[in-house]
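A structural walkthrough
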Amino acid sequence: MKTLYFVIFSCLTLLLFSCKKEQLDVPSVIGIAKDIDDNSYNYTEIKGDDWMIQNLNTSRFQNGDTILRVVSAQGWKDAYFSGTPVWTYYNNDSVMGAKYGKLYNWFAVNDTRGIAPDGWHVATKSEWINLRESYGGDWAAGYYLKSNSNDWLNEGAGNNESRFSALPGGKVNHAGNTYGFGGEVWFWTSTIETPATPSSNFAA
């Protein structure tokens, strides 16, 4: 089952937690996926599932419809209350997008037109949990899933044994406030929690 990985919120805040362990063998990139905008994403197999190792950067749904870009905190907030699918860059800085991808709200992720590249899907909660448990659970998984680059501040890098290559792209909340860059990464899950709450509408 192919599973889409890109930088937006999921239940797995535990990616932020890590403990130092020995360097392990790193699996190789096994292929390239492309979105409707012809952006390329490397992917690798992790514990039987294929995961992208770059963050999503598309500006269109699979049917070709444009996803609206917002350039202000107010625009993001308005989209939250109107239920409009939108994307933005962290601090509205397009340079950030080249490395960290776009930030999408829940309405873009959950839209029936499909945000994932053809043949891929947004990971479910159970798929995230399986990934986490494959690398030791809450307090160990972060070290294996985070990139080993100096993007992570305060010696927060992992060893990236999984090749998941998580980067600390920060997040933007429903009010349009960005924070956490350099120290946090959040991912979307396609699983809808019941009851839904406004706090679930973070993207980063």
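A brief look at the structure comes next. The structure displayed is predicted, hence computed values, not measured ones. (Residues numbered from 1 in each chain as written. Predicted model: local features only at pLDDT ≥ 70, side-chain atom pairs only at ≥ 80, totals over all residues. Heavy atoms only, no water.)

**Here we look at the packing of aromatic side chains**
- Inspection of every chain in the model, using the stated rule, returns 13 aromatic pairs.
- Look at W51 and W128: their rings are 5.1 Å apart centre to centre, the planes differ by 55°, and that puts the pair in the tilted class. Placement of the pair is W51 in strand β4 (residues 49-52) and W128 in helix α4 (residues 125-134), with a sequence separation of 77 residues. Just as W51 is buried, W128 falls in that class too.
- Between W106 and W188, the aromatic rings sit 5.2 Å apart at their centres with planes inclined by 45°, giving tilted as the arrangement. Within this pair, whereas W106 is found in helix α3 (residues 106-109), its partner W188 is found in the segment after β9 (178-181), the two being separated by 82 residues in sequence.
- For W188, a relative accessible area of 4% translates into the label buried.
- Among the aromatic residues, those joined into a cluster by ring pairs are W51, W128, F164 and F187.
- Cation over ring: K102 sits above W87, and NZ or CZ is 4.6 Å from the ring centre.
- Taking the ring centre of W152 as reference, the NZ or CZ of K146 above it sits at 4.6 Å. (Phe/Tyr/Trp six-rings, centres within 6.5 Å; stacked < 30°, edge-to-face > 60°. Helix = DSSP H or I, 4+ residues; strand = E, 2+ residues; numbered from the N terminus. Buried < 20%, exposed > 50% of the residue type's maximum accessible area, 1.4 Å probe, protein only. Lys NZ or Arg CZ within 6 Å of the ring centre and 35° of its normal.)

**Quick look at the nonpolar core**
- Ranked by internal contacts, the top residues of the largest apolar core, which has 18 residues, are M52, I67, Y104, V109, I115 and W120.
- Broken down by secondary-structure element, the contributors of at least two residues to this core are β3 (40-46) and α3.
- A total of three residues in this core trace back to one element, the largest contributor, which is α3. (Core = buried A, V, L, I, M, F, W, Y, C linked by side-chain atoms within 4.5 Å.)

**Quick look at the pattern of salt bridges**
- Throughout the structure, instances matching the rule amount to eight salt bridges.
- The shortest N-O distance in the salt bridge between R113 and D111 comes to 2.8 Å.
- Its relative accessible area of 30% is what places R113 among the partly exposed residues.
- Owing to a relative accessible area of 17%, D111 belongs among the buried residues under this scheme.
- In this structure, R132 engages E133 in a salt bridge whose closest nitrogen and oxygen atoms are separated by 2.7 Å.
- On the basis of relative accessible area, R132 is assigned to the buried category, the value being 15%.
- What makes E133 partly exposed here is its relative accessible area of 44%.
- Put simply, D65, D111 and R113 are held in one network by salt bridges that share partners. (Salt bridge = Lys/Arg side-chain N within 4 Å of Asp/Glu carboxyl O.)

Read these as geometric descriptors, not functional statements.
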